[in-house]
Amino acid sequence: MSVAVQRLGREFRSPVATGLIVGVLALAIFGVVRGGTFILVDSLVTGAIWALVAAGLALTFGVMGVPNFAQGEFFMVGTLSGYLVYTALSGVQGRPYVPVVTILMALLVGFVLGALVDLAVFAQMRRRIREGWVMNTFVVTVGISVVMINAHQLIWGTDYKGIVAYFNGPPVHVLGVSIALDRVFAISVAAVAIAGLWWLLSYSRIGRAIRAVSQDEPGALMVGINVGRMRTLTFGISSGLAALAGATLLFQFPSFPFVGVKPLYVAWTVVILAGLGNVGGAVVAGFIIALLEANTGFFIGSAWEDVVPFALIVLILAVRPTGLFGRAVRSVWEQ
Amino acid sequence: MKAFLWRRRGLGLALLALAVLPLIPPFDAENLRRWLVIGALLAGWAIAFDFTAGYINVVNFGFAAFAGAGGYASALVTIHYGLPIWMSMFAGVLLAGILGFLTGVLTLRFRGIYAAVAAWFLGLALLGITRNVSPITRGPLGLSVPTFFTTDSNLPYYYVVLGMMLVTYLVLKAVTESRAGLAFRAIGQNMEAARASGVNPTRYRILNFTLSCMFAGWLGAFYAHYYAILTPDVMATSQTVQVLVAAYLGGRGSLWGPAAAAFPLVFSTEWLRSNLDRFPGLDLVVYGLALILVMVYYPGGFAELVHAIRDRGLRVRWGRRPLRAQPGEAPAVLSDVPD
């Protein structure tokens, strides 16, 4: 990750990046002046959560080369398990530790499910498929997404399963904007999770091994890293992060089969903007997209929130085909 | 001529079977005829999809949006200008072709997953626009569209869509068997090598995208005038996924495989939907599982299975050989020659 930060520093000296920074700052200032500070606060809260979902997506792609179309469905798993755990704990609701237990359980469920999916599907594919890995796994994740959405519908039905709020206290006032306690909770969870992920990837033994696999697979094999296990772990972590995000945002996204669609779109926009496989860039881009959405929603209308970012991303891609902070080495990704 | 017909005997037999199918007992019920119409429509779309995915190796993940745009164009032209449907359909072809052309130009610099995602985003943007310009498209309320025939029977629709599917197949097959087809495959396998051999990737990629989207839009126009109601949902990603499932189950790069897979796919999912309606979603679970299983264990799909049976009899080898050479086997490099 520190390498990513260095690369980010280097990238920011290029004219495109300078233009981007100026553009983002201009957008932020424009939004605050014409709309109000709430645009900034809103983008910070949603941006943190999108960063969480997108970081997982970037991680799976960087380490395993899997462009995960089912990332949104792990978000859905998070909302569902969050709902089930929270309602199961209804006897002790109101205690401050209950939401924490809820989101940790969702993280665990997401992690285990992700690891199982990797063992059942991607581990099998690695033993069989030689060429076209990226596109083949993409199509497989489409299948996984279809199965998960409809399994949810089959077992739990299509109705909304949500909660009113995790915390019922009075809102907090920051910069003249009142923020509900749940949103404060969400941004803190996202901050802790991103910091944890950063620590895990930068300093822990497991994180070093994961990075080794993403950088040089034969080399990692040679120094005795269990590459298969690292991939299972990576997919688990990434799914766990998405599930954590889902459970944290349960007050805003009640669980239903298609709840993962919006996070999926956003995560993909973020990851494409940042450059596939770039975890650090995904965190930065998460905030950019959130800012863009908040501005579009306020000035043009929330119906256009889905149109403007997509159109802009395609235009940005037309200028920089590997994303803003894309890697120089591209051959593997472009199979 | 005789040799030509003999070479096409498989196609002829398949067509004959498809043409008489709605007339013989189990299939002459109206609901089964409706399934046949849906099957033929999906088959046509899967052929057009495979023309891009299986040849230049770019998954057009915004496929349904282009098809839907064709449907909307055709519907709006009939409604506002009163043109006969068979003429207004060409407005659909034109719009989808232009959109495909622009997408081809815009995604030229991308490869693999980037191109797929760029096409996907363009499709989502198109869907969003269609949803939002409700004065023209009536948005999510749905546009009511004049139909081809006034009859309630599905039979005439079936022959229309079967003919459209056949035209799609024959035209795209002819293109892939020409020099352009060779160029497509070369670009799909290794763009640098293709460029080095004098193939102009720009021209062929744009040509491919434009053609594929034109046929998608044409069939989209049929969709509009068959269902008589058009909502933006026709452009959603889930529609693309249906086409993609048919194309991949059928086998990439064969054109006929996707068409052959579309019919059983539609029949099985529709059967599950109508007979097991206590379990909503079960049909799509089966759908997704089938896709996963085929992609993991037999990525060549139905077409490869047929080819393998033709070449080797029934001694089909399931799955690809593992990366490492087995003890006592020829080194992996020698056995790597693609068959």
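On a predicted model such as this, the values are computed, not experimentally measured, just so you know. (Residues numbered from 1 in each chain as written. Chains lettered and ligands numbered in written order. Predicted model: local features only at pLDDT ≥ 70, side-chain atom pairs only at ≥ 80, totals over all residues. Heavy atoms only, no water.)

A. Seen up close, a nonpolar patch on the surface. On the surface, A:Tyr97, A:Val101, A:Met105, A:Leu108, A:Val112, A:Leu116 and A:Leu119 cluster together to form a nonpolar patch covering roughly 610 Å² of accessible area. Residue A:Tyr97 is classed as partly exposed on the basis of its relative accessible area of 43%. (Patch = residues over 30% accessible without salt bridge, like charges linked within 9 Å, V, L, I, M, F, W, Y side chains within 5 Å. Areas by Shrake-Rupley, 256 points an atom, 1.4 Å probe, with all protein chains shown as cover. Salt bridge = Lys/Arg side-chain N within 4 Å of Asp/Glu carboxyl O. Buried < 20%, exposed > 50% of the residue type's maximum accessible area, 1.4 Å probe, protein only.)

B. Main features of empty space enclosed by the protein. Residue and element names in this part refer to chain A. One pass over the structure, following the stated rule, counts 4 cavities of 30 Å³ or more. Estimates place the volume of the largest cavity at around 70 Å³. Forming the walls of the largest cavity are Lys262, Tyr265, Val266, Thr269, Ile289, Glu293, Glu305, Asp306, Pro309 and Phe310. Of all the secondary structure elements, the ones that give two or more residues to the lining of the largest cavity are helix 11 (261–274), helix 12 (279–299) and helix 13 (307–319). Split by residue class, the lining of the largest cavity holds 5 nonpolar, 1 polar and 4 charged. Space inside the second largest cavity adds up to approximately 40 Å³. (1 Å grid on protein atoms, 1.4 Å probe; cavity = no way out; pocket = protein on both sides within 12 Å on 5 of 7 lines; lining within 4 Å. Points joined across faces, edges and corners; volume = space filled by probe spheres on them. Helix = DSSP H or I, 4+ residues; strand = E, 2+ residues; numbered from the N terminus. Nonpolar A, V, L, I, M, F, W, Y, C, P; charged D, E, K, R; others polar.)

C. Up close: the side chain of B:Ser74. Residues and elements named next belong to chain B. Relative to the assigned elements, Ser74 resides in helix 4 (residues 63–81). For Ser74, the side chain forms a polar contact with the side chain of His225, separated by 2.7 Å. With sequence-adjacent residues up to four places away left out, Ser74 is seen in contact with Ser88, Met89, Gly92, Ala221 and His225. (Polar contact = N/O pair within 3.5 Å; in protein donor to acceptor, adjacent residues only side chain to side chain. Contact = heavy atoms within 4.5 Å.)

D. The environment of A:Gly169, seen in detail. Residue and element names in this part refer to chain A. Tracing the sequence through the fold places Gly169 in the loop between helix 6 (133–156) and strand 1 (172–174). On the accessibility criterion, Gly169 (35% relative accessible area) is partly exposed. Linking Gly169 and Ala180, residues 11 residues apart in sequence, is a C-alpha distance of 8.2 Å.

E. Highlighting the interface of chain A and chain B. Taken together, the 47 residues of chain A in the interface contact 44 residues of chain B. Taken together, both faces of the contact between chain A and chain B bury some 4,400 Å²; the carbon and sulfur share is 75%. The tally of links between chain A and chain B comes to 0 salt bridges. Looking at the side of chain A that touches chain B, the element that brings in the most residues is helix 6 of chain A, giving 15 residues. Looking at side-chain class alone, the side of chain A that touches chain B contains 33 nonpolar, 9 polar and 5 charged residues. (Buried area = accessible area lost by both parts, 1.4 Å probe.)

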